[in-house]
Amino acid sequence: MNFYWIIIFSAVLTGLAQQPLGLGWIAWFSLIPLIICIQNICTFKDHLKIGFIWGFFYNLTILYWIVQNLGTNLIVGIISMFSAVTFFSLNTVIVMIIYFILKLKLKQLAYLLIPFIWVSVEYIRSLGPLANPWISLANTQIDFLTLIQNVEFTGIYGITFWIVFINLLGSEWYLN
């Protein structure tokens, strides 16, 4: 039960890295608590809960401005914001579902696929009429011009991959 606070902390930290506060460097370690938690839980239900909680608070930290920026009344703005936050939280839930399925099949090696799963879900989310680039992890790095120029070769998904991969390495370092 205590790990929910750690998940919320991880989500808010990652969300703060998206804000124009010059805190993009936080993204390079803010996923470590999430990765550690999902490696240590067993049930499908827990994976769903963690995916939704992390996604909800991450997206809430990023999309809070919708309430004030729609040009409508406050109630409609709040409903719109919570609808968007809930909808985009499903991305993290999908990551957790895929990870859980792979964990059943591959056991401990499944965690090595987390960067690939995350990037795949981000890419799929970029397709179709509901595509949205606002919540991509790569957006956290816009202040680091030398790094972000790699987008020319890898796209935003290469930046997202490295962020998740470095967090994965950080979780391994912490656990060992």
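Above this note sits the structure.
Residues numbered from 1 in each chain as written. Predicted model: local features only at pLDDT ≥ 70, side-chain atom pairs only at ≥ 80, totals over all residues. Heavy atoms only, no water.

So what exactly am I meant to see when it comes to the overall build of the protein chain here?
Assigned secondary structure in the protein chain consists of eight helices and zero strands. Along the protein chain, helices (α) and strands (β) appear in the sequence α-α-α-α-α-α-α-α when read from the amino end. Relative to a compact globule of 176 residues, whose C-alpha radius of gyration would be 16 Å, the protein chain shows 16 Å and is just as compact. Referenced to the eigenvectors of the C-alpha coordinate spread, the extents of the protein chain come out at roughly 50 × 40 × 30 Å. Scored against the burial criterion, the 176 residues of the protein chain give a buried share of 46%. Of all intrachain contacts in the protein chain linking residues separated by at least 6 positions in sequence, the fraction that spans at least 24 positions is 68%. Accessible surface, the protein chain as shown: approximately 9,500 Å² in total, 73% of it carbon and sulfur. The average position of the 6 basic charges and that of the 5 acidic charges among the side chains of the protein chain differ by 19 Å. (Helix = DSSP H or I, 4+ residues; strand = E, 2+ residues; numbered from the N terminus. Rg over C-alpha atoms; globule rule 2.2 N^0.38 Å. Buried < 20%, exposed > 50% of the residue type's maximum accessible area, 1.4 Å probe, protein only. Contact = heavy atoms within 4.5 Å. Areas by Shrake-Rupley, 256 points an atom, 1.4 Å probe, with all protein chains shown as cover. Lys, Arg positive; Asp, Glu negative; His and termini not counted. Charge placed at Lys NZ, Arg CZ, Asp CG, Glu CD.)

Is there a simple way to explain the packing of helix α5 (residues 74–106) against helix α6 (residues 114–125) in this structure?
For any two helices packed against each other, the geometry is given by the interaxial angle and the distance between the axes. The N-to-C vectors of α5 and α6 enclose an angle of 140°; their axes lie 10 Å apart at closest approach. Of the possible angle classes, the one that applies to α5 and α6 is oblique. The hand of the α5/α6 crossing is right-handed. Within the contact between the two elements, α5 uses Asn 91, Ile 94, Val 95, Ile 98, Tyr 99 and Leu 102 and α6 uses Ile 114, Ile 117, Trp 118, Val 121 and Arg 125. Across the contact of α5 with α6, the residue classes tally to nine nonpolar, one polar and one charged. (Axes fitted to C-alpha atoms, helices over the stretch in contact; angles between N-to-C directions. Parallel < 35°, antiparallel > 145°, perpendicular 65-115°, else oblique. Left-handed = near helix turned anticlockwise from the far one by under 90°. Nonpolar A, V, L, I, M, F, W, Y, C, P; charged D, E, K, R; others polar.)

Can you walk me through α5 in this structure?
Helical geometry note: an α-helix holds 3.6 residues per turn, so side chains three or four residues apart project in the same direction. Its 33 residues place the ends of α5 48 Å apart at the C-alpha level, agreeing with the 48 Å of an ideal helix rising 1.5 Å per residue. Directly beyond the C-terminal end of α5, a positive phi value near 60° is found at Lys 107. (Expected span 1.5 Å × (residues − 1).)

Even after reading the chapter, I still don't get a nonpolar patch on the surface, so can you show me in this structure?
Together, Leu 74, Ile 78 and Phe 82 make up an exposed nonpolar region whose accessible area comes to about 250 Å². You can call Ile 78 partly exposed: its relative accessible area is 31%. (Patch = residues over 30% accessible without salt bridge, like charges linked within 9 Å, V, L, I, M, F, W, Y side chains within 5 Å. Salt bridge = Lys/Arg side-chain N within 4 Å of Asp/Glu carboxyl O.)

Help me understand the nonpolar core, please; the structure alone is not making it clear to me.
Most often, soluble globular proteins have nonpolar side chains that are buried together. Counting 44 residues, the largest nonpolar core has Leu 31, Leu 34, Ile 50, Trp 54, Ile 114 and Trp 118 as the members making the most contacts within it. Listing elements by their share of this core, those giving two or more residues are α1 (3–18), α2 (32–39), α3 (44–63), α4 (66–69), α5, α6 and α8 (151–175). Discounting residues that sit within four places of it in the chain, Trp 54 has contacts with Ile 7, Ser 10, Ala 11, Thr 14, Leu 31, Leu 34, Thr 92 and Trp 118. (Core = buried A, V, L, I, M, F, W, Y, C linked by side-chain atoms within 4.5 Å.)

What is the right way to read the environment of Leu 112 from this model?
Take Leu 112: it is sitting in the loop between α5 and α6. Leu 112 gets classed as partly exposed once you look at its relative accessible area, which sits at 42%. Linking Leu 112 and Tyr 99, residues 13 residues apart in sequence, is a C-alpha distance of 9.9 Å.

Before we go on, may I ask you to explain the packing of aromatic side chains in this structure?
Centre-to-centre distance and the angle between the planes together describe a pair of aromatic rings. Under the counting rule described, the total for this entry stands at 13 aromatic pairs. Seen in terms of ring centroids, Trp 54 and Tyr 58 are 4.7 Å apart; in terms of plane orientation they differ by 20°. Their pairing is stacked. With a gap of four residues between them, Trp 54 and Tyr 58 both fall in helix α3, about one helical turn apart. (Phe/Tyr/Trp six-rings, centres within 6.5 Å; stacked < 30°, edge-to-face > 60°.)

Could you clarify how one ought to interpret the side chain of Thr 14 in this entry?
Position of Thr 14 relative to the elements: it lies in helix α1. Taking relative accessible area as the criterion, Thr 14 reaches 0% and is therefore assigned buried. Residues in contact with Thr 14, not counting those within four places in the same chain, are Ser 30, Leu 31, Trp 54, Tyr 58, Leu 137 and Thr 140.

Explain α1 to me, please; I cannot follow it from the model alone.
For α1, built from 16 residues, the straight-helix expectation of 22 Å at 1.5 Å per residue is met to within 8% by its first-to-last C-alpha distance of 23 Å. Turning to α1, its buried residues number three or more, namely Tyr 4, Ile 7, Ile 8, Ser 10, Ala 11, Leu 13, Thr 14, Gly 15, Ala 17 and Gln 18. Looking at the buried positions of α1, the neighbouring elements they touch are α2 and α3.

What am I meant to see in the environment of Leu 145 here?
Locating Leu 145 in the fold gives a position in helix α7 (residues 145–148). According to the relative accessible area criterion, Leu 145 is exposed, its value standing at 55%. For the pair Leu 145 and Trp 28, spaced 117 residues apart in sequence, the C-alpha to C-alpha distance is 16 Å.

What is the right way to look at the side chain of Ser 30 in this model?
As for its position among the elements, Ser 30 is in the loop between α1 and α2. Once residues lying within four places of it in the same chain are set aside, the contact partners of Ser 30 are Ser 10, Leu 13, Thr 14 and Asn 167.

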